[in-house]
Amino acid sequence: DAKTTQPTSMDCAEGRAANLPCNHSTISGNEYVYWYRQIHSQGPQYIIHGLKNNETNEMASLIITEDRKSSTLILPHATLRDTAVYYCIVSEGGTSYGKLTFGQGTILTVHP
Amino acid sequence: DTAVSQTPKYLVTQMGNDKSIKCEQNLGHDTMYWYKQDSKKFLKIMFSYNNKELIINETVPNRFSPKSPDKAHLNLHINSLELGDSAVYFCASSQYLETYEQYFGPGTRLTVT
């Protein structure tokens, strides 16, 4: 079972920032937070990951709260092509050997 | 160049048949995976291989048999196909065994009639 909770759906206006929240209150100290997205009819795409510090790459920023129980993925200037299902995943560590456990994710719709 | 490729993209077949899906990655990664996405859009891991060695085998029927001839290829063979096998199958790869940064292929939509 997924160890994260995300809103089912969100809307965002094109050009505005999209802030996608994720709760992971049972996260352990050595577990990372990963974000993926799946655009319709495509394979999932890795976006970003972090442990406790905020992270930024060319696609997005990841803000992790100090207690690590929640995080927010930020798409700074959403475009129509960012419409997708966004998955927040906690790496299980130990002997899970890279097993990604996908939950239901958040359906982000970017509208003109 | 496509990093992770799968063939075929679509596969329609009848119950009871045997079929294979091929996956190739040109990223030089050590680890490859198969995931299944059912009609309700839930994505679940099926198998993972690291340097041709089976690592993860999630409660998958024996009718599903992955084969890795080399670390760049991971094929999925399915015997005696059933209606419930209809789904989209995704192949993925990662640089190392315990890496959660994975690169997915475009998927193979399998329809069993």
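This text goes with the structure placed above it.
Along each chain, the written sequence defines residue order, and numbers are assigned to residues from 1. By the order in which they are written, chains take letters starting at A while ligands take numbers starting at 1. Per-residue local features of the predicted model are confined to residues with pLDDT of at least 70, and side-chain atom pairs are confined, for both listing and counting, to 80 or more; whole-chain, interface and lining totals are unaffected and use all residues. In computing side-chain values, all of the structure's heavy atoms are included and hydrogens and water are not.

Chemist: Lay out empty space enclosed by the protein in plain terms, naming residues and giving numbers.
Modeler: All names here are of chain B. Cavity means a closed set of points on a 1 Å grid over the protein atoms alone, one where a 1.4 Å probe fits but cannot get out, pocket means an open set with protein on both sides within 12 Å along at least 5 of 7 lines, and lining means a residue has an atom within 4 Å of a point. Grid points are joined across faces, edges and corners, and a volume is the space filled by probe spheres set on the points. Using the criterion set out here, one finds two cavities of 30 Å³ or more in the structure. As a volume, the second largest cavity reaches approximately 30 Å³. Residue lining of the second largest cavity: Asp30, Thr31, Met32, Tyr49, Asn50, Asn51, Lys52, Ser68, Asp70, Lys71, His73 and Leu74, and that is the complete set. Strands here are runs of E lasting at least two residues and helices are runs of H or I lasting at least four, both read from the DSSP assignment and numbered beginning at the N terminus. Among the elements of the structure, strand S4 (31–37), strand S5 (43–50), strand S7 (64–70) and strand S8 (73–78) are those that each provide at least two residues to the lining of the second largest cavity. Here the term charged refers only to Asp, Glu, Lys and Arg, the term nonpolar to Ala, Val, Leu, Ile, Met, Phe, Trp, Tyr, Cys and Pro, and the term polar to all other amino acids, Gly among them. A breakdown of the residues in the lining of the second largest cavity according to their chemical character gives three nonpolar, five polar and four charged.

Chemist: So what's going on with the state of the cysteines? Residues and values would help.
Modeler: The disulfide definition used here is simple: a pair of cysteine sulfur atoms within 2.5 Å. According to the stated counting rule, one finds two disulfides over all chains in the structure shown. Each disulfide pairs two cysteine sulfurs, and for A:Cys22 the partner residue is A:Cys88, the sulfurs being separated by 2.1 Å. Of note, the bridge from A:Cys22 to A:Cys88 carries an S-S torsion of about -85° and is left-handed in sense. Of the two residues, A:Cys22 sits in strand S2 (residues 18–23) while A:Cys88 sits in strand S8 (residues 84–90), which places them 66 residues apart along the sequence. Classification of A:Cys88 as buried rests on a relative accessible area of 1%. The side chain of B:Cys23 participates in a disulfide bridge whose partner is B:Cys91; the two sulfur atoms lie 1.9 Å from each other. On the sign convention where negative is left-handed, the bridge of B:Cys23 and B:Cys91, at about -80° about the S-S bond, is left-handed. Think of it in three bands: residues with accessible area under 20% of the maximum for their type are buried, residues over 50% are exposed, and the middle band is partly exposed, with areas taken using a 1.4 Å probe on protein chains only.

Chemist: So what's going on with the layout of surface pockets? Residues and values would help.
Modeler: Each pocket or cavity is described by its volume, and for the largest pocket that value is around 740 Å³. In terms of lining, the largest pocket is formed by 35 residues, of which the most central are A:Gln38, A:Val85, A:Tyr87, B:Gln37 and B:Lys41. Elements represented by at least two residues in the lining of the largest pocket include exactly S8 of chain A together with strand S9 (87–94) and strand S11 (108–112) of chain B. The biggest single contributor to the lining of the largest pocket is S11(B), with four residues.

Chemist: Talk me through the pattern of salt bridges; I want residue IDs and the actual numbers.
Modeler: Salt bridges are counted wherever a side-chain nitrogen of Lys or Arg sits within 4 Å of a carboxyl oxygen of Asp or Glu. Counting across every chain of the model gives six salt bridges over all chains. For A:Asp82, the salt bridge is made with A:Arg37, and the minimal N-O distance between the two is 2.8 Å. Residue A:Asp82 is located in the loop between strand S7 (70–75) and S8, and its partner A:Arg37 is located in strand S3 (residues 33–38); the two are separated by 45 residues in the primary sequence. By relative accessible area, which is 10% here, A:Arg37 ends up buried. Here B:Glu82 makes a salt bridge to B:Arg63, at a shortest N to O gap of 3.5 Å.

Chemist: Please give an account of the sheet that holds strand S3 (residues 19–25) of chain B that cites residues and values.
Modeler: Residue and element names in this part refer to chain B. In this scheme, strands are said to pair when DSSP sees at least two bridges between them. With antiparallel pairing, the four strands of this open sheet are ordered in space as S1-S3-S8-S7. The two strands at the open ends of the sheet, each matched to only one other strand, are strand S1 (4–7) and S7. Strand-to-strand twist of the sheet, defined as the mean angle between neighbouring strand axes without regard to direction, takes the value 20°. Pairing analysis gives four bridges linking S3 to S8, with the strands arranged antiparallel. Residue pairing for S8: Lys19 is matched across the bridge by Ile78. All axes are obtained by fitting lines to C-alpha atoms, using only the stretch in contact for helices, and the reported angles, taken between N-to-C directions, cover 0 to 180 degrees.

Chemist: So what about the interface of chain A and chain B? Which residues, and what values?
Modeler: Facing 21 residues of chain A, the contacting portion of chain B comprises 20 residues. Between the two partners, chain A and chain B, sit one salt bridge. When the shortest N-O distance is used, the salt bridge between A:Lys99 and B:Glu58 registers 3.5 Å. We define a polar contact as two N or O atoms separated by no more than 3.5 Å, with the added condition that, inside protein, one atom must be a possible hydrogen donor and the other a possible acceptor, whereas residues neighbouring each other in sequence contribute only through side-chain atom pairs. Across the contact surface, chain A and chain B share five residue pairs in polar contact (both at pLDDT 80 or more). Only S3 and strand S4 (45–50) of chain A provide two or more residues apiece to the side of chain A that touches chain B. With three residues, the single largest contributor to the side of chain A that touches chain B is S3(A). Residue contacts follow a heavy-atom distance rule, with two residues in contact if any of their heavy atoms lie within 4.5 Å.

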